[in-house]
Amino acid sequence: MRLGVLDIGSNTVHLLLVDAHPGARPVPFASHKRPLSLVQYLDGDGNISDAGQHELIEFVLEAWEFAAAHKAQDLLAFCTSAIREATNGADVLARVKHETTVTLQELTGSEEASMTFFAVRRWYGWGAGPILDLDIGGGSFEMAYGTDELPEFATSVPLGASRLTRDWLQDDPPTAKSVKELRRYIRSTLKPVARSFQEVGRANLVAGTSKTFRSLARIAGAAPSGAGPYVKRELHAADLGLWAQRISAMRVEDRLYLPGVSDARAHQLLAGALVAEAALELFEFPKMEICPWALREGLILRRLDQLVFEEALDPAPHVGKRKDKSKKKAAKEAKKILDIDQSRHESLDFPAPADTPPLAPIPAPAAGGLVS
């Protein structure tokens, strides 16, 4: 099946289409995205302005048309901290639904952390043991730890790179005083959180799952994205400290010459580096691995898992069958397995957004509880 995931983040709005079926890895088919920093559209009262809402609605309509044109069969649409923490967030969601018919599911900080962790666990497998996942977004910083598929402990703090840049680093390049004050603020915010995680357990693996971590790793010498997702990429604390110091002395336009840094991310690169540096220091890890899967993949995998329980799945068509079975007959059986429940979708055409089944509730961890 072709599944669409519409991600309304703090820095970008992104539609990803993947081809997948239960038990298979999702393969990216196409994507459509646009830089849109909703944090920049907040007024003094914390409301997303009318201009910001207009930009958002325009993209949701674009995404809907893109998904329909590419024969998507299901759509998951969600939003994170930018709308979650806006004073008028509920009104914005209602307006989007009214003008586009698309319902954006609002994820809490702990749900966001849990679904990202879920993707990381699926990527590394059980052999990785206990995992600590770190994800720096535009508006918030998510952390999750666990030994199972869903974390035992997960939290979100307001240390997003875009938010910190707006509130603390207005000058270009930033002043030494502002950088020092931001370092102090980040550490004071993270210190009690790190202490709580240490009480739960020690990870075998620390994973970084955001564009910020990928950019920092690329700057520090990791392989470019063109090398593919299976190349091992690491980010070392020693390199991170060195580059954080270098970036703090650079103007935004000069950061664009660094490998892996885009126009949309250059201005917030320093804030992200300072958060990453503090996290590795306070969690006491010398390095982290960069995981190519994150929140979108977590939601996709969870949706595919739902299909397993919603439908009676027969064995794959090649299991227990004669080798000389015709390809036509095997294809017919495969289609039978993968067809979407006809009681919910009358055809394989892209359904109306209002009829899209919601994502199942994300269960609480077995121990520790989720905190947000």
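The structure reproduced in this document is the subject of the present report.

Rules and cut-offs
Residues numbered from 1 in each chain as written. Predicted model: local features only at pLDDT ≥ 70, side-chain atom pairs only at ≥ 80, totals over all residues. Heavy atoms only, no water. Buried < 20%, exposed > 50% of the residue type's maximum accessible area, 1.4 Å probe, protein only. Helix = DSSP H or I, 4+ residues; strand = E, 2+ residues; numbered from the N terminus. Pairing = 2+ DSSP bridges. Contact = heavy atoms within 4.5 Å. Polar contact = N/O pair within 3.5 Å; in protein donor to acceptor, adjacent residues only side chain to side chain. Expected span 1.5 Å × (residues − 1). Phe/Tyr/Trp six-rings, centres within 6.5 Å; stacked < 30°, edge-to-face > 60°. Lys NZ or Arg CZ within 6 Å of the ring centre and 35° of its normal. Axes fitted to C-alpha atoms, helices over the stretch in contact; angles between N-to-C directions. Parallel < 35°, antiparallel > 145°, perpendicular 65-115°, else oblique. Left-handed = near helix turned anticlockwise from the far one by under 90°. Nonpolar A, V, L, I, M, F, W, Y, C, P; charged D, E, K, R; others polar.

## Structural notes on the pairing of strand β2 (residues 12-19)
The side chains of a regular strand alternate, first on one face of the sheet and then on the other.
Thinking step 1. Where burial is concerned, most of β2 is hidden: six out of the eight residues are buried.
Thinking step 2. As defined by bridge partners, strand β1 (residues 2-8) adjoins β2 across seven bridges and the pair is classed as antiparallel. Residue Leu3 lies in a different strand from β2, and its bridge partner there is Val18.
Thinking step 3. The antiparallel hairpin formed by β1 and β2 contains three residues in its connecting segment.

## Details of the environment of Asp133
Thinking step 1. The residue Asp133 is located in strand β6 (residues 131-136) in this model.
Thinking step 2. Residue Asp133 is classed as buried on the basis of its relative accessible area of 2%.
Thinking step 3. Sequence-distant contacts of Asp133, that is, excluding residues within four places in its chain, are made with Thr116, Phe117, Val120, Glu142, Met143, Ala144, Ala207 and Thr209.
Thinking step 4. Here the side chain of Asp133 touches Thr209 through a polar contact of 3.2 Å, side chain to side chain.

## Things to note about helix α4 (residues 109-124)
Along an α-helix, residues three or four apart share an orientation, since each turn contains 3.6 residues.
Thinking step 1. End to end, α4 covers 23 Å across 16 residues, agreeing with the expected 22 Å (1.5 Å per residue, within 8%).
Thinking step 2. With respect to burial, α4 is a largely interior element, twelve of its 16 residues being buried.
Thinking step 3. The positive-phi residue at the C-terminal boundary of α4 is Gly125, with phi of around 85°.

## Concerning the packing of aromatic side chains
Thinking step 1. Applying the stated criterion across every chain yields a total of five aromatic pairs.
Thinking step 2. Here the aromatic rings of Phe197 and Phe283 are separated by 5.6 Å at their centres, their planes lie at 80°, and the arrangement is edge-to-face. Of this pair, Phe197 sits in helix α6 (residues 176-200) while Phe283 is found in helix α11 (residues 269-283), placing the two residues 86 residues apart along the sequence.
Thinking step 3. Its relative accessible area of 2% is what places Phe197 among the buried residues.
Thinking step 4. Using a relative accessible area of 5% as the deciding quantity, one classes Phe283 as buried.
Thinking step 5. Residue placement shows Arg202 over the ring face of Phe285; its charged tip is 3.7 Å from the ring centre.
Thinking step 6. When the ring centre of Trp243 is taken as origin, the NZ or CZ atom of Arg246, which lies over that ring, is 4.6 Å away.

## Comments concerning the sheet that holds β1
Thinking step 1. Taken in spatial order, the five strands of this open sheet run β3-β2-β1-β4-β5, and their pairing is mixed. Edge positions in the sheet fall to β3 (27-35) and β5 (105-106), since each has one partner strand and no second.
Thinking step 2. As paired strands, β2 and β3 are joined by eight bridges and run antiparallel to one another. Note that in β3 the partner of His14 across the bridge is Lys33.
Thinking step 3. Its contacts with the sheet place helix α1 (residues 50-69) against β1, β2, β3 and β4 (74-79), and it is angled at close to 155° to β3.

## Focus on the packing of α1 against helix α3 (residues 89-100)
Thinking step 1. Running from N to C, α1 and α3 cross one another at 40°; their axes reach a closest spacing of 10 Å. Classified by the angle between their axes, α1 and α3 sit oblique to one another. In this structure, the crossing between α1 and α3 has a hand that is right-handed. Contacts from Asp50, Gln53, Leu56, Ile57, Val60 and Leu61 in α1 reach Val92, Arg95, Val96, Glu99 and Thr100 in α3.
Thinking step 2. Residues that form the contact of α1 with α3 fall into these classes: six nonpolar, two polar and three charged.

## Thoughts on the sheet that holds strand β7 (residues 141-146)
Thinking step 1. If you trace the six strands from one edge of the open sheet to the other, you get β8-β7-β6-β9-β11-β10, paired in mixed fashion. Looking at strand neighbours, the two that pair on one side only are β8 (153-157) and β10 (234-236), the edges of this open sheet. Strand-to-strand twist across the sheet, computed as the mean angle between neighbouring axes with direction ignored, equals 25°.
Thinking step 2. Across five bridges, the pairing between β7 and β8 is antiparallel. Residue pairing in the sheet places Met143 in a bridge with Thr155 of β8.
Thinking step 3. Against the sheet, helix α8 (residues 237-248) makes contact with β10 and β11 (287-290), and its axis sits at roughly 70° relative to β10, the strand it touches most.
Thinking step 4. Here α11 sits on the sheet in contact with β6, β7, β10 and β11, set at roughly 160° to β6.

## Description of unusual backbone geometry
Note: most residues except glycine have negative phi, and most peptide bonds are trans.
Thinking step 1. Geometrically, the link from Asp172 to Pro173 is a cis peptide bond, its omega value of 0° lying close to zero.
Thinking step 2. Mapped onto the elements, Pro173 comes out in the loop between α5 (161-168) and α6.
Thinking step 3. In this structure, Lys71 takes a positive phi of about 60° despite not being glycine.
Thinking step 4. Along the chain, the position of Lys71 falls in the loop between α1 and β4.
Thinking step 5. One non-glycine residue, Glu284, adopts positive backbone phi at about 60°.
Thinking step 6. Topologically, Glu284 is positioned in the loop between α11 and β11.
Thinking step 7. The exposure class assigned to Glu284 is exposed, which follows from its relative accessible area of 54%.

Don't take any of this as a statement about function, it's just geometry.
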